[in-house]
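Remarks on the overall topology
As a plain string of letters, each chain reads:
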Amino acid sequence: MNSASNTNGSNGNGAAVTDLDALVIGAGIAGLYQLYRLREAGLSVKSVDAASDVGGTWYWNRYPGARVDSQSYIYQYWFSRELCEDWDWSERFPAQPEAERYLHYVTERCDLRKDIIFDTRVTSAVYDEAAKKWLIGTDTGRTFRAKYFVSCAGMLSSPLLTRFAGQDRFKGEVYYTAQWPKKEVTYAGKRVGVIGTGATGIQVIQTIAPLAGHLTVFQRTPQYIIPMRNPLLQDEDRKRYRGEFDTLKTRIRETFAGFDYDFGDKGYDDLTPQERREHMEKIWADGSLSFWLTTFPEMFFVESVNNEVSDFVREKMRSRIDDPALAEKLLPTTYGFGTHRVPLESQYLEAFNRDNVDLVDVSDNAIDGLTETGVRTADGTVCDLDMLILATGFDAGTGSLTRMGIRGRDGRALKDEWSKDIRSMLGMQVHGYPNLFMTAAPLAPSAAFCNMTTCLQQQVDWITDCIVHMQRNGIDTMEPTREAEEEWVRHHDETANATLVTKTHSWYMGSNVKGKQRRLLSYIGGANRYHERCDQIARDGYPGFALS
Ligand code: NA7
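Calculation notes
Residues numbered from 1 in each chain as written. Predicted model: local features only at pLDDT ≥ 70, side-chain atom pairs only at ≥ 80, totals over all residues. Heavy atoms only, no water. Pairing = 2+ DSSP bridges. Helix = DSSP H or I, 4+ residues; strand = E, 2+ residues; numbered from the N terminus. Axes fitted to C-alpha atoms, helices over the stretch in contact; angles between N-to-C directions. Contact = heavy atoms within 4.5 Å. Near = heavy atom within 4 Å. Polar contact = N/O pair within 3.5 Å; in protein donor to acceptor, adjacent residues only side chain to side chain. Areas by Shrake-Rupley, 256 points an atom, 1.4 Å probe, with all protein chains shown as cover. Nonpolar A, V, L, I, M, F, W, Y, C, P; charged D, E, K, R; others polar. Parallel < 35°, antiparallel > 145°, perpendicular 65-115°, else oblique. Left-handed = near helix turned anticlockwise from the far one by under 90°. 1 Å grid on protein atoms, 1.4 Å probe; cavity = no way out; pocket = protein on both sides within 12 Å on 5 of 7 lines; lining within 4 Å. Points joined across faces, edges and corners; volume = space filled by probe spheres on them.

Strand order in this open sheet of three strands is β14-β15-β16, and the pairing throughout is antiparallel. Because the sheet does not close on itself, it has two edges, and the strands there are β14 (367-370) and β16 (382-384). Strand-to-strand twist of the sheet, defined as the mean angle between neighbouring strand axes without regard to direction, takes the value 25°.

Printed below as a string of structure tokens:
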């Protein structure tokens, strides 16, 4: 197999160019694995990352309370039994430091660090049609030329930072959850404000409520939540999941959402009201995302079923809030349970029962901007603060790719094309961008409806197989045909539009970013069905793709 890595060309401006077979963007879960797989396949490959170390999501999101919502023994790599044998997960749902340590462990064990270039952000990636290669520029001035350009830049890695008028004027401390500093942050005696009550904001709020002098939570949309059951893992637990390594490895690719649990055999209509209640109570007690992803499939399609589940969750939530008036603010009523990301939590609602925590409802009294001293709402009230924490979300799916300056055949720009129409083939390639491969990109199962590590590894495996196929068969370029891409987009939209998910405002639909096209970003037809389809395409010699 061809393998070449050298610095022997120039980018036309006289600067040296590093020639590679493949450049991988990102050194998070997907990027590390992609680097490993391509290197094992004999390609010359490097990874670049804007961060100063490995970890991706778990590098940037080191905010207080950051934690994985997938079970640790599911949230891991499956390519090596030894990695699993030699790593002891300490909790059912690991906190950020442990997830980050795990990725460091894999990096060292697989000797990946030597092929990763840190503190380097891609600023341009232009396809050279004559050379059939990508020329990739970075903010450090370093340039790469590669046949394959593989983005593992993450689905939730482009944070929405500037959200409010006068944001620079605030004189207190400001922290962004997605760019949390490594230094210690203290809350004692301080008036702290948190804007955002998504999965991130919830983790922050429940963690710092007992630490802050006073905490003010600015909530625009209340969340349905599931209490996390998070026991410490014992030796017998670790022995059990290690013993099930092969079974689990197969199982997670066969379920709807890439976990070890799945919908049961009986649907909603097969059960009596009493049985439905028992069914919900039983899954609720598991304290995991299974209540969202396995209770009733009908919940995603049928409004009456969704209402019943939503009522159940609201009832559970209400019982934990002391003040009935506060409960009305904290209980979601304008959308159905599960139609956007359901966070797991620990003592989130109890935080609002504390004397030092206030909720400011900004749903009909919007945040107007920041002043020197705090947050001003539309009614003119200013809430004075010493510290403001912004947990205001991401330009999901598209953001990490559109900011890279990607230009494909005929000078087309991905940013322009996706500003009008977010399209892809299986979420892994885009027509007009030969040999650009993507993980966690729009129209594939991802954070929304799939355990991230399952989907990412499946995509990396598929991409690697494509690249190996091309290398073995002397194929220079691969890109989806317009027709095949159109067919995938249609299937994706039909599947999405049959669900209630497309009726709810959230980052899933891109509606959290002004002007962004409203299209479900993640494929909701099932990670298992998606996986089968991808495999079938590979087995059939890649129909729907132009290989030349
Ligand atoms: P999310 O889920 O997009 O949450 C962002 C939060 O910020 C959400 O509560 C927003 O309210 C709120 N927000 C954003 N802009 C404003 C303004 N202008 N005023 C008030 N509130 C605002 O991001 P997360 O980081 O929590 O989670 C992203 C994913 O990361 C999560 O789903 C997991 O998969 C991991 P809104 O709901 O828009 O009314």
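Text resumes after the structure shown.
A separate point is the environment of A99. Inspection of the secondary structure assignment puts A99 in helix α4 (residues 96-109). As for A99 and M317, which are separated by 218 residues in sequence, their C-alpha atoms are 29 Å apart. With residues near it in sequence (within four places) discarded, A99 still touches W58 and V68.

With that out of the way, let us pick up unusual backbone geometry. Phi is positive for K132, close to 60°, though the residue is something other than glycine. A positive phi is found at N435, a non-glycine position, where the angle reads about 60°. Along the chain, N435 turns up in the loop between α14 (414-420) and β19 (436-438).

Moving on: the site of the ligand. Around the ligand there are 18 residues in total, and T197, T200, R220, T221 and H505 lie nearest to it. Taking G198, its main chain carries an N or O atom lying 3.5 Å from an oxygen atom of the ligand. Contact distances for the ligand include 3.3 Å between an oxygen atom and a side-chain N or O atom of R341. In the complex, the protein chains occlude 87% of the 780 Å² of accessible area that the ligand would expose alone. Here the shell around the ligand is built from residues that sort into seven nonpolar, eight polar and three charged.

As a packed pair, helix α16 (residues 482-497) and helix α17 (residues 527-539) sit with axes 14 Å apart at the nearest point and diverge in direction by 165°. Considering the angle they form, α16 stands roughly antiparallel to α17. The two elements α16 and α17 meet at a crossing, and its hand is right-handed. Contact residues: E487, W488 and H491 in α16; R529, Y530 and R533 in α17.

Another point: the packing of helix α15 (residues 452-472) against α17. At a minimum axis separation of 11 Å, α15 and α17 run at an interaxial angle of 5°. Taken together, the axes of α15 and α17 lie roughly parallel to each other. Note on element contacts: α17 touches α15 through Y530, H531, C534, D535, I537 and A538, opposite Q458, Q459 and W462. Of the residues belonging to the contact of α15 with α17, the class tally is five nonpolar, three polar and one charged.

Enumeration over the complete set of coordinates arrives at two cavities of 30 Å³ or more. Volume-wise, the largest cavity comes out at about 60 Å³. Lining the largest cavity are I252, R253, T255, T454, C455, Q458, A527, N528 and H531. Of all the secondary-structure elements, those providing two or more residues to the lining of the largest cavity are α15 and α17. A breakdown of the residues in the lining of the largest cavity according to their chemical character gives three nonpolar, five polar and one charged.

Everything listed here is a matter of coordinates, which is why it stays silent on function.
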